[in-house]
Structure formats: structure tokens, C-alpha cells
Amino acid sequence: MNKEKNIDKNRVARSFSRGKSTYDKNAKIQQRVSWKLIKKLAKYPEISPKNVLEIGCCTGTLTELMLSSCHVEKLYLNDLVPSFYDDVKQRLEGVDQVEIIPLFGDVEGLALPDNLDLIISSATFQWLTNLETLFERLAGALNENGFLAFSIFGPGTLCEFRELTNVGLKYSSVGALLDMMDTYFHIEEEETVKDQLFFSSPRDILRHLQSTGVSGVEDFRWTPGKLREFEREYAEKFGTASGIPVTYMSSYVIASKKTA
């Protein structure tokens, strides 16, 4: 089962860097997912998140929500794109109860802190190449009472775009995720939710993908003819009375570390 996905992380980093200035305005689903993850976390009073690692902080939406609802003392902040740190610091101006420790770079190759109470991540794990190995390492970084809370985009995400272009991530199914976690974690809660955004035209969807950085899966060369055909087929196949949809499938997992 321990299969690595082939993802060009340099391309991913460049794509998110280009979308940095437009991300917050356009990442409606990512913001919705972060809010829902924090809401789920609040149902577990046994989680005492004093020492926390956040993986994939991006511009800090989840960070801000977490710090407004949890008493975090030490926060290790990670993202593949180091320049996001400036955005997060600006967003958190005035928040002084937490010590923030930058841990930027590819989390799959970084030394992780230990004795963590909580590891949290929203809409990031789908970009990683070897989740099974990562889950083992995350369990090792948590203390005996530690928790892992994350959301991840799964199969069906951007299905319309993939059907027409054959471009997209290879998403892990919920069953595969839970199997990978089984040795190290007890699953407290899992939920998968379908979300859609609606746009005026297929070209607006392309702008949306570019503005949120998620177009960095692989290179796709648009010609004027391909673009016209894409717009026509997208509208014909998927158009609704509400507009032209783009679909996201989000899975939420709250898990506690298994102890011997």
C-alpha cells in the first residue's frame, strides 16, 4: 500500500507563490473547510493543544481560526512556500499569547518537533507524496495523549476539469487513508462532504484555479482551439441553472494516537 505519488513539488510551490496575492479572495472552499475543521476540533475537550504543529499554513486562515478558539502556547508553523510566513505574521498581528516557530519547507523531508499535543492541517495532505510514511512520523512526534486533525481533498475534487483535460491529482480514498493510519491512530471521527462553487463561465473557473494556486499539478498547454473546446464542453456537460460548477470533495479526520 505504501505507494508514492509523483508530484512535482517545485511546480506546486511556484503555483502557490504566484497565487499568493489572490488566494484569500478566491479560496472560498479552503476557508470553509478550515472553519469546519476547527468546529469539529472544538467537540473534543480532551484535546489540550499547547504545543501544536500546523502543516500547510498557506496565508494563515486556519492558523487564525485555531488561535482564536484554542489556548496554544507554542506553534510550529509549516508550509512548502517560505514566503507565506510574512502573510501569516501580518494576519496574526496583536496575537501575543503564542510563540511561533517557523518550520518551512517540504514537511516530508523535515525533522519534526516532538512532544506535540496536536498536529493540524487543512487541505494540504493531498499534495504530499507518501502519506503512510508521514502518518508514522506524525505519530512519533505526538505525545501519548496527542491528536491529529486534518482535512484533505479526495476523489471527485475538480472532477469536471479532470474529465475534460485528464489533468488532476491522484487523490487517496477515505478507505485508503484510514488503512494507512490504522497502525498509529484511533479514528475518533471521519466525515466526507461535497462542496461546489458556481461561476459565470468555464474561463472564470480557470481564473479561480489559478488564483488559488491549485493549477500546479502538471503543465497543460492551452491553445486557442483547446480553450474554446474546453469552454464549450464544460458548459454543455456541467452547466446548471445555478451556473457553471466546480466540485470539491473534502474529508475530515480527527484521530488520537494509539498507545502500546
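Every chain's residues receive numbers from 1 upward, in the order its sequence appears when written. Only residues with pLDDT of at least 70 get local features here, since the model is predicted, and only at 80 or more are side-chain atom pairs given and counted; chain-wide, interface and lining totals rely on the full set of residues. The side-chain values count all of the structure's non-hydrogen atoms but skip hydrogen atoms and water molecules.

Quick word on the packing of helix α9 (residues 202–211) against helix α10 (residues 224–238)
Moving on, step 1. It is the contact of α9 with α10, at a shortest axis distance of 8 Å, that shows an interaxial angle of 105°. Put simply, α9 runs roughly perpendicular to α10. In contact with P202, R203, I205 and L206 of α9, α10 contributes L227, F230, E231, Y234 and A235.
Moving on, step 2. Residues were grouped as follows: Ala, Val, Leu, Ile, Met, Phe, Trp, Tyr, Cys and Pro as nonpolar; Asp, Glu, Lys and Arg as charged; and all remaining residues, including Gly, as polar. A breakdown of the residues in the contact of α9 with α10 according to their chemical character gives 7 nonpolar, no polar and 2 charged. Note on geometry: axes are C-alpha line fits, over the in-contact stretch for helices, and angles between N-to-C directions span 0 to 180 degrees. For the purposes of this entry, the term helix denotes a DSSP run of H or I that reaches at least four residues, the term strand denotes a run of E that reaches at least two, and both are numbered from the N terminus. When describing relative orientation, an angle under 35 degrees is termed roughly parallel and one over 145 degrees roughly antiparallel, while 65 to 115 degrees is termed roughly perpendicular and anything else oblique. In this description, contact between two residues means that some pair of their heavy atoms is separated by no more than 4.5 Å.

Points about the packing of aromatic side chains
Moving on, step 1. Pairing of aromatic side chains requires ring centres within 6.5 Å, counting the rings of Phe and Tyr and the six-membered ring of Trp. Pairs whose planes differ by under 30 degrees are stacked, by over 60 edge-to-face, and all others tilted. Within the structure shown, the criterion is met by 10 aromatic pairs.
Moving on, step 2. Between F153 and Y248 the ring centres are 5.2 Å apart and the planes differ by 45°, which places this aromatic pair in the tilted class. Taken together, the residues span a long stretch of sequence, with F153 in strand β5 (residues 142–153) and Y248 in strand β7 (residues 244–257) at a distance of 95 residues.
Moving on, step 3. Residue Y248 is classed as buried on the basis of its relative accessible area of 1%.
Moving on, step 4. Aromatic ring contacts, followed pair by pair, group F161, W222, F230, Y234 and F238 into a single cluster.
Moving on, step 5. Only when the NZ of Lys or the CZ of Arg is both within 6 Å of the ring centre and within 35 degrees of the ring normal is a charge said to sit over the ring. Taking the ring centre of Y252 as reference, the NZ or CZ of K40 above it sits at 5.8 Å. Working definition: with a 1.4 Å probe on protein chains only, accessible area under 20% of the residue-type maximum means buried, over 50% means exposed, and in between means partly exposed.

A look at the pairing of strand β3 (residues 99–102)
Moving on, step 1. Pairing geometry for strand β2 (residues 74–78) and β3, over 4 bridges, is parallel. Across the sheet, residue L77 finds its bridge partner in β3, namely P102.
Moving on, step 2. Taking the sense of rotation as the criterion, the β-α-β connection linking β2, helix α5 (residues 84–91) and β3 turns out right-handed. Pairing between strands is defined by DSSP: at least two bridges between them are needed. The handedness of a crossover follows from its direction of travel: if, with the strands pointing away from the viewer, the path from the first strand over the helix to the second runs clockwise, the crossover is right-handed.

Some words on unusual backbone geometry
Moving on, step 1. Positive phi outside glycine occurs at N115, with the angle close to 55°.
Moving on, step 2. Mapped onto the elements, N115 comes out in the loop between β3 and β4 (116–122).
Moving on, step 3. The phi dihedral of N166 falls on the positive side, at around 60°, and the residue is not glycine.
Moving on, step 4. Tracing the backbone through its elements, the reader meets N166 in the loop between α7 (159–165) and α8 (174–181).

Some points on α10
Moving on, step 1. Expected helix span is taken as 1.5 Å per residue step, with the number of steps being one fewer than the number of residues. Taking 1.5 Å of rise per residue, the 15 residues of α10 would be expected to cover 21 Å, and the 21 Å separating its terminal C-alpha atoms lies within 8% of that figure.
Moving on, step 2. Taken together, the buried positions of α10 are occupied by L227, F230, E231, Y234 and F238. Taken down its axis, α10 places every buried residue within 95° of arc, on the same side. When the buried face of α10 is taken as reference, the exposed residues oriented beyond 90 degrees from it are R228, E236 and K237.
Moving on, step 3. Where α10 is buried, its residues meet α7, α9 and β7. Think of it as the arc spanned by the lines of direction from the helix axis to the C-beta atoms.

Concerning the state of the cysteines
Moving on, step 1. What counts as a disulfide here is a pair of cysteine sulfur atoms lying within 2.5 Å. Using the criterion set out here, one finds 0 disulfides in the structure.
Moving on, step 2. Looking at C57, it has no disulfide partner, and the nearest cysteine sulfur is the one in C58, 7.2 Å off.
Moving on, step 3. With a relative accessible area of 3%, C57 lands in the buried category.
Moving on, step 4. We note that C70 lacks a disulfide partner, and the nearest cysteine sulfur, in C57, lies 16 Å from it.
Moving on, step 5. The exposure class of C70 is buried, given its relative accessible area of 16%.

Digging into the sheet that holds β7
Moving on, step 1. Taking strand neighbours across the sheet as the criterion, the 7 strands line up as β3-β2-β1-β4-β5-β7-β6 in an open arrangement whose pairing is mixed. Two strands lie at the open edges of the sheet, namely β3 and β6 (185–199), each paired on one side alone. Strand-to-strand twist across the sheet, computed as the mean angle between neighbouring axes with direction ignored, equals 15°.
Moving on, step 2. Bridge count for strand β1 (residues 51–55) against β4 is 4 bridges, and the pairing is parallel. Across the sheet, residue E54 finds its bridge partner in β4, namely I120.

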